[in-house]
Amino acid sequence: MTEWMGTILMKRARKLGYLFKEGVHNMFSHGFMSFAAICVTVACLVIIGSFSMIVYNMQLMVQDLEQRNRILVYIDENYNTAEAKSVGSQINLVNNVQQAVFQSRTEAMERFVAQQGGGEAYAGIDASTFRDRFIVTLEDNALTQQTVDALRQIKGVADIAARSEIAEGFTTLQRILNIGSVAIIVVLLVVSLFMISNTIKLAMYDRREEIGIMKIIGATNRFIRFPYFVEGFLIGVISGAVAFFLEWGVYDLLTNRLMRADSVGLLSSLVPFKQVLWVVAIAFGVTGLLVGIIGSVMSIRRFLDV
Amino acid sequence: MIDFENVTKVYEAGNRALDGITLHIEDGEFVFLVGPSGSGKSTIIKLLTAELEPTSGSVTVNGYQLEKIKKRAIPAMRRTIGVIFQDFRLIENKTVFDNVAFAMRIVGASNREIKKRVPYVLDLVGLENRARRLPNELSGGEQQRVAIARALVNNPAMIIADEPTGNLDPARSYEIMMLLERINALGTTVMVVTHEKELVNRFTKRVIAIDEGRVINDGMDGYYTYEES
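Residues numbered from 1 in each chain as written. Chains lettered and ligands numbered in written order. Predicted model: local features only at pLDDT ≥ 70, side-chain atom pairs only at ≥ 80, totals over all residues. Heavy atoms only, no water.

Undergrad: Help me out: how do you make sense of the overall build of chain B in this one?
TA: If you tally the helices and strands in chain B, you get 8 helices and 10 strands. When the 229 residues of chain B are sorted by exposure, 54% land in the buried category. When contacts within chain B are restricted to residue pairs at least 6 apart in sequence, long-range pairs at least 24 apart make up 67% of them. Entry remark: accessible area of chain B is about 10,300 Å², with carbon and sulfur atoms responsible for 45%. (Helix = DSSP H or I, 4+ residues; strand = E, 2+ residues; numbered from the N terminus. Buried < 20%, exposed > 50% of the residue type's maximum accessible area, 1.4 Å probe, protein only. Contact = heavy atoms within 4.5 Å. Areas by Shrake-Rupley, 256 points an atom, 1.4 Å probe, with all protein chains shown as cover.)

Undergrad: Before we go on, may I ask you to explain the environment of Ile211 of chain A in this structure?
TA: All names here are of chain A. When you line up the elements, Ile211 lands in helix H7 (residues 208-216). Ile211 gets classed as buried once you look at its relative accessible area, which sits at 0%. As a C-alpha pair, Ile211 and Ile224 span 13 residues in sequence and 7.1 Å in three-dimensional space. Apart from residues lying up to four places away in sequence, Ile211 is in contact with Ile224, Tyr228, Ile300, Phe303 and Leu304.

Undergrad: Help me out: how do you make sense of the interface of chain B and chain A in this one?
TA: It is common to give the size of an interface as the accessible area that goes away when the parts come together. In this complex, chain B contributes 23 residues to the contact, which on the side of chain A involves 20 residues. Across the chain B/chain A interface, buried area totals approximately 2,000 Å², and carbon plus sulfur atoms make up 61% of it. Between Glu22 of chain A and Lys94 of chain B there is a salt bridge, with its nearest N and O atoms 2.6 Å apart. Connecting chain B to chain A are 3 residue pairs in polar contact (both at pLDDT 80 or more). Contributing elements (two or more residues each) for the side of chain B that touches chain A: helix H2 (74-78), helix H3 (96-106) and helix H4 (111-124) of chain B. Per-element tally for the side of chain B that touches chain A: the top contributor is H3 of chain B, with 4 residues. Of the residues that constitute the side of chain B that touches chain A, the class distribution is 9 nonpolar, 5 polar and 9 charged. (Buried area = accessible area lost by both parts, 1.4 Å probe. Salt bridge = Lys/Arg side-chain N within 4 Å of Asp/Glu carboxyl O. Polar contact = N/O pair within 3.5 Å; in protein donor to acceptor, adjacent residues only side chain to side chain. Nonpolar A, V, L, I, M, F, W, Y, C, P; charged D, E, K, R; others polar.)

Undergrad: What's the story with the packing of H3 of chain B against H4 of chain B in this structure? I'm lost.
TA: Packed helices, taken two at a time, are described by the angle their axes make and the gap between the axes. Residues and elements named next belong to chain B. At a minimum axis separation of 10 Å, H3 and H4 run at an interaxial angle of 125 degrees. On the basis of their axis angle, the class for H3 and H4 is oblique. Relative to H4, the crossing made by H3 is right-handed. Residue-level contacts link Val96, Phe97, Val100, Ala101, Met104 and Arg105 of H3 to Asn111, Glu113, Ile114, Lys115, Arg117, Val118, Pro119 and Leu122 of H4. (Axes fitted to C-alpha atoms, helices over the stretch in contact; angles between N-to-C directions. Parallel < 35°, antiparallel > 145°, perpendicular 65-115°, else oblique. Left-handed = near helix turned anticlockwise from the far one by under 90°.)

Undergrad: Whenever I open this one, the packing of aromatic side chains confuses me. Can you help?
TA: Describing an aromatic ring pair means giving the distance of the ring centres and the angle of the ring planes. Residues and elements named next belong to chain B. Tallying each qualifying case throughout the model produces 14 aromatic pairs over all chains. With 6.4 Å between their ring centres and 55 degrees between their planes, Phe32 and Phe203 make a pair best called tilted. Here Phe32, found in strand S3 (residues 30-34), pairs with Phe203, found in the loop between helix H7 (197-201) and strand S9 (206-211); they are 171 residues apart in sequence, far enough to count as distant. Under the relative-accessibility criterion, Phe203 is labelled buried at 7%. (Phe/Tyr/Trp six-rings, centres within 6.5 Å; stacked < 30°, edge-to-face > 60°.)

Undergrad: Would you take a moment to explain a nonpolar patch on the surface for this structure?
TA: On the surface, Trp278, Ile282, Val286, Leu290, Ile294 and Met298 of chain A cluster together to form a nonpolar patch covering roughly 660 Å² of accessible area. Judged by relative accessible area, Ile294 of chain A falls into the partly exposed class, the value being 46%. (Patch = residues over 30% accessible without salt bridge, like charges linked within 9 Å, V, L, I, M, F, W, Y side chains within 5 Å.)

Undergrad: I'm lost on the pairing of strand S6 (residues 81-85) of chain B in this one. Help?
TA: A regular strand places its side chains so that they alternate between the two faces of the sheet. Residues and elements named next belong to chain B. Here S6 lies mainly inside the structure; 5 of its 5 residues are buried. Note: S6 against strand S7 (residues 158-162), 5 bridges, orientation parallel. The residue bridging Gly82 from the neighbouring strand is Ile159, located in S7. (Pairing = 2+ DSSP bridges.)

Undergrad: I keep staring at the nonpolar core and nothing clicks. Help me out?
TA: Soluble globular proteins: nonpolar side chains tend toward being buried together. Residue and element names in this part refer to chain B. In terms of nonpolar packing, the biggest core is built from 90 residues, with Phe4, Phe32, Ile44, Val118, Ile148 and Leu180 touching the most fellow members. No other element matches the 8 residues that H3 contributes to this core. The contact partners of Leu180, leaving out residues within four places of it in the chain, are Phe30, Ile84, Ile148, Ile159, Ala161, Pro164, Val190 and Val192. (Core = buried A, V, L, I, M, F, W, Y, C linked by side-chain atoms within 4.5 Å.)

Undergrad: Help me understand the environment of Asp27 of chain B, please; the structure alone is not making it clear to me.
TA: Residues and elements named next belong to chain B. Residue placement: Asp27 occurs in the loop between strand S2 (16-25) and S3. Residues Asp27 and Met1 lie 26 residues apart in sequence; the distance between their C-alpha atoms is 5.0 Å. In contact with Asp27, not counting residues within four places along its chain, are Met1 and Thr189. Looking at Asp27, its side chain comes within polar contact range of the main-chain nitrogen of Met1, at 2.7 Å.

Undergrad: Help me understand the sheet that holds strand S10 (residues 214-219) of chain B, please; the structure alone is not making it clear to me.
TA: Sheets are built from strands paired through backbone hydrogen bonds, the pairs being either parallel or antiparallel. Residues and elements named next belong to chain B. Strand order in the open sheet made by the 6 strands is S6-S7-S8-S3-S9-S10, with mixed pairing throughout. In the strand order of this sheet, the two ends are held by S6 and S10, each with one partner. On average, each strand axis in the sheet is tilted by 15 degrees relative to the strand beside it, whichever way the strands run. As paired elements, S9 and S10 share 5 bridges and run antiparallel to each other. By the bridge assignment, Ile208 is partnered in S10 with Asp218. Strands S6 and S7 of the sheet are contacted by helix H5 (residues 140-152), whose axis makes an angle of about 165 degrees with S6.

Undergrad: What exactly am I supposed to notice about the confidence of the model for chain B here?
TA: If pLDDT is low for a region, its predicted coordinates should not be looked at in detail. When pLDDT is averaged across chain B, the result is 90; 96% of the residues are at 70 or more. Reported confidence for the predicted complex is 0.84 by ipTM and 0.67 by pTM. (pLDDT = per-residue confidence, 0-100.)

Undergrad: I would appreciate a short explanation of the sheet that holds strand S4 (residues 56-61) of chain B in the present structure.
TA: Residue and element names in this part refer to chain B. Spatial strand order, S2-S1-S4-S5: 4 strands in an open sheet with antiparallel pairing. Looking at the sheet topology across the chains shown, the edges are occupied by S2 and strand S5 (64-65). Where strand S1 (residues 2-10) meets S2, 7 bridges bridge the pair, whose relative direction is antiparallel. When the sheet's bridge partners are listed, Phe4 is paired in S2 with Leu23. Contacting S1, S2 and S4, helix H1 (residues 41-48) runs over the sheet at an angle of about 120 degrees to S1.

Undergrad: Just to check I follow, could you spell out the pairing of S9 of chain B for this structure?
TA: Residues and elements named next belong to chain B. Counting buried positions over the 6 residues of S9 gives 5, a clear majority of the element. Taken together, the 4 bridges between S3 and S9 define a ladder with parallel strand orientation. Note on S9: the bridge partner recorded for Phe32 is Val207. Counting the residues that bridge the hairpin from S9 to S10 gives 2 residues, and of these Glu212 lies at a positive phi of roughly 50 degrees.

Following this line, the structure appears as structure tokens:
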């Protein structure tokens, strides 16, 4: 019994080894079609990857701008500095407040003067013209109005300067970006899958006769399919790797040029590729593999029914 | 062994390719299956290789009852027969050796077995010096010999040859038939489907003639007799 099982296992191992070699050999012997499948897959991955990187960067830029959109909470002018500071503990208790930084009248005046470029015109200005204030950063800009309403209820808060329309604008922009990018990525993915599967189908159609011969001399479907699986796997791995390095090179090149051309610091928050290296590598690897394997194995299905 | 019991095959389009055929071929026989185009010869081959199922009746090949066979058992059944086609059907990017070895790979033969058996079979068909060539580097007759070697290599109980000489000149055709006769002499059942009456008449073998899906003659008296009747 054990000997019999050993023989079966030996035969299976031999078959597997042979089929793996066949898959590798097939890829090279049908070089042009393999090359075409790799090119189409690489092109699709790079297009989707680049678009995703653009969207990701835009989202980060919007988030960065959102962070810069702060609200000012002015404290009653009759409060002294110590009393004014104590209001901060209540401000921090309000939902959606991420951070509240105190700025005294004097600091506010100095900042104002500095913003105006200094000069003698402001020499006699008195700090009492200004109010103590808190610079408040919110967690979610979409809730600006509700937060402002809650802050107004705090004793000692005299006034609030908030540009809720700008905050809402950022929120809307982010929503549009999210929905738009998902929709475009889905469309790109579907188009890519269609193109890749058609290219692989074409490659398999080229071999329908070969598959027919295998069937008629007694090959099982699994025996026929395995080399195609290996081939699809290799096409996927190669495509994923080529697309990854291409994406890396193109991205680095473009971001370097853009940063150099950006004199006002608008693009300072562009993500360095190394920061997303693993995510892109895994995404490209998995997508390449899935597309390669599913594409080749699915494509030969209809030729197996002989 | 082949057993057709009242077999009818009607295609989806409605044409009746076989109409109640009954025939029996014993192990070790050499049989010619003859008939004009559209008589049902190809349908018989497709039924024998389980590419088609009969509409009614029973088909038994080497102990497999094909009207009941499960899909997963078909490859094992096909390994009991070796099929030879008019257009050779060799894998173009494999050498002669690899084309023949491929049939052994399917049954999980070891490299040692393959290295021993393939040269023997190539020698049997007279291609011992062509092992490293690709099919398109060979003549038609040589390609057909490769196909015969491939059909033989797993020692099948039966060889089915579908118009094996259709693409060959008379001299090469005769050589192929002689080779098939030699294979039959070694104990393999051989069924040759052809419409070349001269070739059939050069051998004194059992001839089954079919027309319009029916057996119209079955005997040792040859194709020519059938045509006169």
